[in-house]
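# Notes for the structure review
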Amino acid sequence: MEIDFSTLNKEASYKLITGAVVPRPIAWITSGIEPGRINLAPFSAFTFVSTYPPMLGFNCGAREGLRKDTSRNIHAHGEYVIHIADQPLLEALHLSSEHHPPDVSEVELLGLETVPSTVIRTPRLARAPISLECKLSEVLSFGNKGNEFFVGAVVRMHIRDDLYRDGKIDARSLNPVCRIGGPTYASLGDVFSLKPVKP
Ligand SMILES: Cc1cc2nc3c(=O)[nH]c(=O)nc-3n(C[C@H](O)[C@H](O)[C@H](O)COP(=O)(O)O)c2cc1C
């Protein structure tokens with residue numbers, strides 16, 4: 001099978017690209033600064049773009065030609081928190097992807113507890129095993145369908161104590177969720193190590 005993307009529409013292209021880049025980590029993002037109106041949504045077009053300085057990037061598409069709440073909040077305030085969710089949080093993460101009007105807080109709707117962040121105004125989720133407070137660095141636009149790639153500097157990281165060992169994070173104990181596509185997710189399968197080589 002050989003694919004020429006110039007023959008495909010937006011949906012068909014989406015299915016193939018997201019089906020090829022699997023599994024994807026998920027950035028579970030709180031945005032906004034007003035108490036009672038904090039927005040929450042998952043984004044799996046997510047990676048780091050630099051480790052020193054630490055910087056994370058994620059892609060936010062448009063909804064019916066308009067910016068999603070997360071995008072609008074970040075453009076307005078320049079601050080947000082990226083959380084890494086574990087298996088017990090999967091259902092809440094999934095439900096937080098449902099579209100609600102901007103004045104509805106998914107955090108309130110799902111009854112999730114928040115705690116103040118240290119450096120930024122947007123609060124973070126108390127139960128998340130990892131939270132990364134971010135300040136917006138730049139937004140890159142791609143194509144003409146409203147895709148925006150947000151790059152943020154990590155200004156503070158919070159890690160649940162039991163996950164942190166010798167300056168590293170124990171992936172098994174973290175038990176992160178990742179996305180395959182649509183409502184399909186995966187967890188860590190076998191974890192194994194090979195003989196180290198010089199990179
Ligand atoms: C696991 C998961 C990952 C998602 N990843 C993305 C993504 O990378 N980019 C995107 O624009 N939407 C993504 N979505 C859809 C958004 O979460 C959804 O549009 C959400 O309603 C946006 O919320 P907001 O309008 O409150 O920002 C994803 C949905 C799920 C369930």
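Right above here is the structure, for reference.
Residues numbered from 1 in each chain as written. Predicted model: local features only at pLDDT ≥ 70, side-chain atom pairs only at ≥ 80, totals over all residues.

### Some details on the site of the ligand
- The full set close to the ligand counts 17 residues, and Ala41, Lys68, Asp69, Thr70 and Ser97 are the nearest of them.
- When contributions to the shell around the ligand are tallied by element, the ones reaching two or more residues are β3 (39-43), β5 (54-60) and α2 (69-77). (Near = placed C-beta within 6 Å. Helix = DSSP H or I, 4+ residues; strand = E, 2+ residues; numbered from the N terminus.)

### Here we look at unusual backbone geometry
- Cis geometry is found at the peptide bond from valine 22 to proline 23, where omega equals -15°.
- With respect to the helices and strands, the residue proline 23 is situated in the loop between α1 (10-20) and β1 (24-25).
- With omega at 10°, the peptide bond leading from tyrosine 52 into proline 53 counts as cis.
- As for its position among the elements, proline 53 is in the loop between β4 (46-51) and β5.
- Even without being a glycine, aspartate 166 presents a positive backbone phi close to 50°.
- You will see that asparagine 175, though not glycine, has its phi angle at about 55°, which is positive.

### Observations concerning the nonpolar core
- Core analysis: the biggest nonpolar cluster contains 29 residues, and Ala27, Ile29, Ile82 and Ala85 have the highest contact counts within it.
- Sorting the residues of this core by element identifies β2 (27-31), β3, β5, β8 (79-84), α3 (90-95) and β11 (130-142) as the ones contributing at least two each.
- In contact with alanine 85, not counting residues within four places along its chain, are Ile26, Trp28, Leu90, Leu93, Ala128 and Val177. (Core = buried A, V, L, I, M, F, W, Y, C linked by C-beta atoms within 7 Å. Buried ≥ 20, exposed ≤ 12 C-beta atoms within 10 Å, placed from the backbone. Contact = placed C-beta atoms within 7 Å.)

### Considerations on α2
- Here α2 has its buried residues at Asp69, Thr70, Ser71, Asn73 and Ile74.
- The positive-phi residue at the C-terminal boundary of α2 is glycine 78, with phi of around 70°.

### A short note on the sheet that holds strand β15 (residues 178-181)
- Pairing within the open sheet is antiparallel, and its three strands lie in the order β1-β15-β16. Where the open sheet ends on each side, the last strands, each with one partner, are β1 and β16 (184-186).
- With two bridges joining them, β1 and β15 adopt antiparallel strand pairing. In the sheet register, proline 25 faces β15, and the bridge partner there is cysteine 178. (Pairing = 2+ DSSP bridges.)

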